[in-house]
Amino acid sequence: MGDTCRIELDGTPFEFPVIEGTENERAIDISKLRSETGYITLDGGYGNTGSCTSAITFIDGDQGILRYRGIPIEELAEKSSFIETAWLVIFGKLPTQADRDRFATMLTEHSMLDENMKKHFDGYPTNAHPMAILSAMINTLSAHDPEVWEADDDESIERAAAVLMSKVRTIAAAAYKSSVGEPIVYPRYDLRYAENFLHMMFSKPYKDYEPTPAVAKALNLFLLLHADHEQNCSTSTVRMVASSEANMFASCSAGVCALWGPLHGGANVAVIEMLQQIHDGGISVDEYVKKVKNKEDGVKLMGFGHRVYRNFDPRSKILKAAADDMLKELDIHDPLLEIAGELAEAALSDDYFVSRKLYPNVDFYSGIILRAMGIPVNMFTVMFAIGRMPGWIANWKEIHDDPKGRIYRPRQIYVGPTDQHWVPREER
Ligand code: ACO
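Residues numbered from 1 in each chain as written. Predicted model: local features only at pLDDT ≥ 70, side-chain atom pairs only at ≥ 80, totals over all residues. Heavy atoms only, no water.

## Details of a negative patch on the surface
We count it as follows: The patch calculation keeps residues exceeding 30% relative accessible area without a salt bridge and links them within 9 Å when they carry like charges or within 5 Å when they are nonpolar (Val, Leu, Ile, Met, Phe, Trp, Tyr). Accessible areas in this description were obtained via Shrake-Rupley with a 1.4 Å probe; residue shielding takes into account the shown protein chains only. By definition, a salt bridge exists where a carboxyl oxygen of Asp or Glu is found within 4 Å of a side-chain nitrogen of Lys or Arg. Within this scheme the basic residues Lys and Arg register as positive and the acidic residues Asp and Glu register as negative, but His and the chain ends are omitted. Where a charge lies is defined by one atom per residue type, namely NZ (Lys), CZ (Arg), CG (Asp) and CD (Glu). Secondary structure elements follow DSSP: runs of H or I no shorter than four residues count as helices, runs of E no shorter than two count as strands, and numbering proceeds from the N terminus. Between buried and exposed lies partly exposed: a residue is buried under 20% and exposed over 50% of the maximum accessible area for its type, with that area taken using a 1.4 Å probe on protein chains only.
A surface patch of negative charge is lined by E150, D152, D153 and E155. Mapped onto the elements, E155 comes out in helix α7 (residues 154-179). By relative accessible area, E155 is classed as exposed at 65%.

Quick look at the structure:
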């Protein structure tokens, strides 16, 4: 018999099991709390609540550890590719050569959009935000391919995953093209995942874009580092929607909406805006740090802090090195990167940030990398969504495959008015 947790409520003792994960994380299993005691727990922001058990990603925020299916992110960043890592995240093991070949073929075969879908792009205003287009178009995809609603076994789920991962890249590039009033570019069958995206983003009818190996490598790394991050806001949203047995595409489309917010995927945009504001306004780094510490107008050091990491975000270390390498190779001198470096140095030696354990997160450097690739700022969160797709699919699959799965339905403590009555309009 394992450990138990004893609590006393209204003078009556109760016992609940303590469960332990494979990395020794411990939790009190309160699934019978309400039925046995009539009480619920209250945990605004879910900082102490485990919403599920999961075998996909492990994070130790205090030590700055991130592993996908047990493999450290540093090893994957050095040795793997985005597509191989995506398959690992979704299916739980490294793909064999046959798995890789089959998945790569499916990605290529599904890269084009149905010609009828192109009409939808015409309906958006030219300045429409690409995240709005992306979430709507992912749902539209399922209307064009009802087979994905039925995805049930590993074979059909693999096909649906390939359709989604391949087409999300085509949709993202098409959303950008329509936002700048240029014709949509068709995918090429001879290009790999990251190169093909860059081709669809930047080729023009009169000029093919040939991505340099340095840019393709950095994009591949960016996507790999974003592939999953356990129960964050968008992934929890995907699981919530999936728990109603909604299809993979509907669930992932909801994930895109959750990612849009500036406290989540939108933070990489906020970082660049902050750096630009410091640069354009001639504000010194010390002055800005002072504003942050004084909490002037709620100003925060964007790209710093994380709900889970109370140490360096391991992804930010890898991205910082990649950003340095890429800018050197392309001979780009970005004043914003210099400001970012000075800000990081100032914050990491300042007691305000040190005592609160605020370190650079993944967004602090991802904006710099994307900017150097020529990706416009309003596409940054879209890039995050393309990278996160494997994690959302894997979490959808985990819910789908769980024989004991129940619809997610949290409770609340009601604090509104009690026992009111309707009053005729003239008496209000
Ligand atoms: N700049 C200045 N102060 C900060 C920052 C920051 N970036 N982040 C947290 N703090 C302060 C808080 O004001 C609070 O101070 P207090 O103790 O004086 O009240 C303390 O640090 C603790 O912060 P919380 O708000 O409790 O941290 P929480 O876990 O709720 O929030 C979050 C995490 C949202 C990431 C926060 O750190 C933040 O807003 N950071 C900037 C936005 C950002 O970079 N988001 C990207 C997150 S990573 C991702 O989604 C991929």
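## Concerning the pairing of strand β1 (residues 4-9)
Consecutive residues of a regular strand have side chains that alternate between opposite faces of the sheet. Our working rule: Two strands make a pair as long as DSSP finds a minimum of two bridges between them.
Of the strand pairs in this sheet, β1 and strand β2 (residues 12-20) are connected by six bridges, and their pairing is antiparallel. Counted as the bridge partner of C5 is F16 from β2. Connecting the antiparallel pair β1 and β2 is a turn made up of two residues, with D10 showing a positive phi of about 50 degrees.

## Let's talk about the site of the ligand
For clarity, the cut-off: One heavy atom within 4 Å of a molecule or strand is enough for the residue carrying it to be called near that molecule or strand. Pairs of N or O atoms within 3.5 Å make up the polar contacts considered here, provided that, within protein, one atom can donate a hydrogen while the other can accept it, and that residues adjacent in sequence are counted only when both atoms are side-chain atoms. Three classes are used: nonpolar for Ala, Val, Leu, Ile, Met, Phe, Trp, Tyr, Cys and Pro, charged for Asp, Glu, Lys and Arg, and polar for all others, with Gly counted as polar.
Taken together, 21 residues lie around the ligand, and K295, K300, L301, R307 and Y352 are the ones closest in. Contact distances for the ligand include 2.6 Å between an oxygen atom and a side-chain N or O atom of K300. Note that a nitrogen atom of the ligand is positioned 2.9 Å from one of the backbone N or O atoms of F304. Of the residues belonging to the shell around the ligand, the class tally is ten nonpolar, five polar and six charged.

## Section: the state of the cysteines
Such a bond, covalent and formed between the sulfur atoms of two cysteines, is termed a disulfide. We apply this condition: When the sulfur atoms of two cysteines come within 2.5 Å, that pair is taken as a disulfide.
Tallied over the entire structure, the rule returns zero disulfides. Free of any disulfide, C252 has its nearest neighbouring cysteine sulfur in C257, separated by 12 Å.

## Structural notes on the sheet that holds strand β4 (residues 57-60)
Pairing between sheet strands relies on hydrogen bonds along the backbone, with the strands arranged either parallel or antiparallel. Spatial ordering of the open sheet is given by β4-β5-β6, a layout of three strands whose pairing is antiparallel. Bordering the open sheet on either side are β4 and β6 (71-72), each of which pairs with just one other strand. Bridging between β4 and strand β5 (residues 65-68) involves four bridges; their strand directions are antiparallel. Residue F58 lies in a different strand from β5, and its bridge partner there is R67.

## Quick word on the pattern of salt bridges
Inspection of the entire model under this criterion finds 22 salt bridges. Ionic pairing is found between E158 and R102, a salt bridge with its closest N-O pair at 2.9 Å. Here the residue E158 occupies a position in helix α7, and R102 occupies one in helix α4 (residues 97-109), the gap between them amounting to 56 residues. The residue E115 makes a salt bridge to K118 at a minimum N-O spacing of 3.2 Å. On the basis of relative accessible area, K118 is assigned to the partly exposed category, the value being 22%. It is possible to trace a salt-bridge network through shared partners that takes in R188, D190, D208 and E210.

## Focus: the nonpolar core
Counted only if it meets this: The nonpolar core is taken to be a set of buried Ala, Val, Leu, Ile, Met, Phe, Trp, Tyr and Cys residues, with the residues joined through side-chain atoms within 4.5 Å. Residues are treated as being in contact if the distance between any of their heavy atoms lies within 4.5 Å.
Counting 123 residues, the largest nonpolar core has M165, F197, L343 and I375 as the members making the most contacts within it. The element that contributes the greatest number of residues to this core is α7, accounting for 14 residues. In this structure L343 touches M274, L275, I278, V285, Y288, V289, L301 and F364, once residues within four positions along its chain are discounted.

## Some details on helix α11 (residues 248-259)
Our working definition: Helix span, as expected, comes to 1.5 Å for every residue beyond the first.
Spanning twelve residues, α11 covers 16 Å between terminal C-alpha atoms, matching the ideal 16 Å at 1.5 Å per step. The buried fraction of α11 amounts to ten of the twelve residues, a majority that puts the element mostly inside the structure. Three or more residues of α11 are buried, namely M248, F249, S251, C252, S253, A254, G255, V256, A258 and L259. Check the buried side of α11 and you find it contacts α6 (130-144), α7, α10 (233-242) and α18 (380-401).

## Some details on the side chain of T37
By secondary structure assignment, the location of T37 is in helix α1 (residues 33-37). A polar atom in the side chain of T37 sits 2.6 Å from the backbone oxygen of L33. Side-chain polar atoms of T37 contact the backbone nitrogen of Y39, separated by 3.0 Å. Among all residues touching T37, those that are not within four sequence positions of it are L9, F14 and F16.

## Side note on α10
Operational definition: For this quantity, the arc is that covered by the directions from the helix axis to the C-beta atoms.
If you check which residues of α10 are buried, you get S234, T235, V238, R239 and A242. Down the axis of α10, the smallest arc covering the buried residues is 140 degrees, so these residues share one side. Structurally, α10 contributes buried residues whose contacts are with α11 and α18.

## Things to note about the packing of α4 against α7
To describe two helices that pack against each other, one gives the angle between their axes and the distance between the axes. This is how it is decided: Lines fitted to C-alpha atoms define the axes here, with helix axes fitted over just the stretch in contact, and angles between the N-to-C directions of these axes take values from 0 to 180 degrees. Each angle is binned into one of four classes, with values under 35 degrees roughly parallel, values over 145 roughly antiparallel, values of 65 to 115 roughly perpendicular, and all other values oblique. Left-handed is the label given to a crossing in which the near helix is rotated counterclockwise from the far helix by less than a right angle, and right-handed is the label when the rotation is clockwise.
At a closest axis distance of 8 Å, the pairing of α4 and α7 adopts a crossing angle of 50 degrees. With respect to their mutual orientation, α4 and α7 come out oblique. The handedness of the crossing between α4 and α7 is right-handed. Mapping the contact onto sequence places R102, F103, M106 and L107 in α4 and E158, R159, A162, M165, S166 and R169 in α7. Residues that form the contact of α4 with α7 fall into these classes: five nonpolar, one polar and four charged.

## Describing the sheet that holds β1
Sheet architecture is open: three strands sit in the order β1-β2-β3, paired in antiparallel fashion. Single-partner strands in this sheet number two, and they are β1 and β3 (26-28). The average undirected angle you get between the axes of adjacent strands in this sheet is 30 degrees.

## A few points about the packing of aromatic side chains
For clarity, the threshold we go by: Geometry of aromatic contacts follows a simple scheme: Phe, Tyr and Trp rings, the Trp one being its six-membered ring, pair when their centres are within 6.5 Å, and the pair is stacked under 30 degrees between planes, edge-to-face over 60, tilted otherwise.
Throughout the structure, instances matching the rule amount to nine aromatic pairs. A ring pair is formed by F202 and Y209, whose centres lie 5.2 Å apart and whose planes are at 55 degrees; its orientation type is tilted. We classify F202 as buried; its relative accessible area is 17%. Taking the centre distance of 5.1 Å and the plane angle of 85 degrees together, the rings of F364 and Y365 count as edge-to-face. Just as F364 is buried, Y365 falls in that class too.

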